[in-house]
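Descriptive structure summary
For reference, the chains in residue letters:
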Amino acid sequence: MKHRVVLDTNALVASFSKGSPTNAIWRGLLEGKYMLCVSNDILCEYQEIIAQKTTPLIAENVINYLLNSRYVEMITTYYHFELITADRDDNKFVDCAIAANAAFIVSDDKHFLPLRQIAFPRLLVIKMIEFVNILNNIQR
């Protein structure tokens, strides 16, 4: 069974470059090594940030790929837990992970650190390089 994963925006964007040490995250998605869980709010942020860091056309192509990939699952969040207070915008990833029953959130963002202290709902947040190591050990 594939890991159900939520990627914060920086984790996704950082993985695009073939020269990046985290490129295995993007390749792993393309190869179906995990199931990416996203919400509408997450997709909107992905598109906005990708367009800022690349071009609007690249952002549109990435979003179209995600919308049509069999390795991406759209998640509807019905409840907002508000577990992150330092950057409330990051709560969309938390809410998606809870609703999707995701194995973990992948992020190097320090705003996710307080989640380690919350007993319920229990969310595992791992760094990008940790996820790369997990992906490198998955046989397709």
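In what follows, the accompanying structure is described. Source: prediction; values computed, not measured. (Residues numbered from 1 in each chain as written. Predicted model: local features only at pLDDT ≥ 70, side-chain atom pairs only at ≥ 80, totals over all residues. Heavy atoms only, no water.)

**Overview of the overall build of the protein chain**
Secondary structure summary: the protein chain contains six helices and five strands in total. Across the protein chain, helices and strands are ordered from the amino to the carboxyl terminus as β-α-α-β-α-α-β-α-β-β-α. Computed over its C-alpha atoms, the radius of gyration of the protein chain comes to 14 Å, within 12% of the 14 Å expected for a compact globule of 140 residues. Each principal axis of the C-alpha distribution contributes one length, and for the protein chain these read about 35 × 35 × 25 Å. By sequence separation, contacts in the protein chain at least 24 residues apart represent 64% of the contacts at least 6 residues apart. By element, 52% of the accessible surface of the protein chain is carried by carbon and sulfur atoms, the whole surface being about 7700 Å². Considering the protein chain, the positive charge centre built from 14 side chains and the negative charge centre built from 15 side chains are found 9 Å apart. (Helix = DSSP H or I, 4+ residues; strand = E, 2+ residues; numbered from the N terminus. Rg over C-alpha atoms; globule rule 2.2 N^0.38 Å. Contact = heavy atoms within 4.5 Å. Areas by Shrake-Rupley, 256 points an atom, 1.4 Å probe, with all protein chains shown as cover. Lys, Arg positive; Asp, Glu negative; His and termini not counted. Charge placed at Lys NZ, Arg CZ, Asp CG, Glu CD.)

**Section: the pairing of strand E1 (residues 3–7)**
Here E1 runs beside strand E2 (residues 34–38); their pairing, made up of three bridges, is parallel. Residue pairing across strands places Arg 4 opposite Met 35, the latter belonging to E2. Sheet topology places E1 next to strand E4 (residues 104–106); three bridges connect them, and they run parallel. For Val 5, the partnering residue across the bridge sits in E4 and is Phe 104. (Pairing = 2+ DSSP bridges.)

**Some thoughts on the nonpolar core**
With 46 residues, the main nonpolar core has Leu 7, Tyr 46, Val 106 and Phe 131 as its most contacted residues. Contacts of Leu 7, omitting those with residues within four sequence positions, involve Leu 12, Ile 25, Tyr 34, Leu 36, Tyr 46, Phe 93, Val 106 and Phe 131. (Core = buried A, V, L, I, M, F, W, Y, C linked by side-chain atoms within 4.5 Å. Buried < 20%, exposed > 50% of the residue type's maximum accessible area, 1.4 Å probe, protein only.)

**Quick notes on the environment of Arg 122**
With respect to the element layout, Arg 122 can be found in the loop between E4 and strand E5 (125–126). Taking relative accessible area as the criterion, Arg 122 reaches 55% and is therefore assigned exposed. Aside from chain neighbours lying at most four places away, what touches Arg 122 is Leu 115 and Arg 116.

**Observations regarding the state of the cysteines**
Inspection of every chain in the model, using the stated rule, returns zero disulfides. Free cysteine Cys 96: the closest other cysteine sulfur is in Cys 37, separated by 5.8 Å. (Disulfide = S-S within 2.5 Å.)

**Section: unusual backbone geometry**
In this structure, Asn 101 takes a positive phi of about 55 degrees despite not being glycine. Mapped onto the elements, Asn 101 comes out in the loop between helix H5 (91–100) and E4.

**Things to note about the sheet that holds E4**
Overall, parallel pairing links the five strands, which are arranged E3-E2-E1-E4-E5 in an open sheet. Each having just a single partner strand, strand E3 (72–74) and E5 make up the two edges of the open sheet.

**With respect to the pairing of E2**
With five of its five residues buried, E2 lies for the most part within the structure. Alternating positions in E2 separate into two faces, Tyr 34, Leu 36 and Val 38 on one and Met 35 and Cys 37 on the other, with burial throughout.

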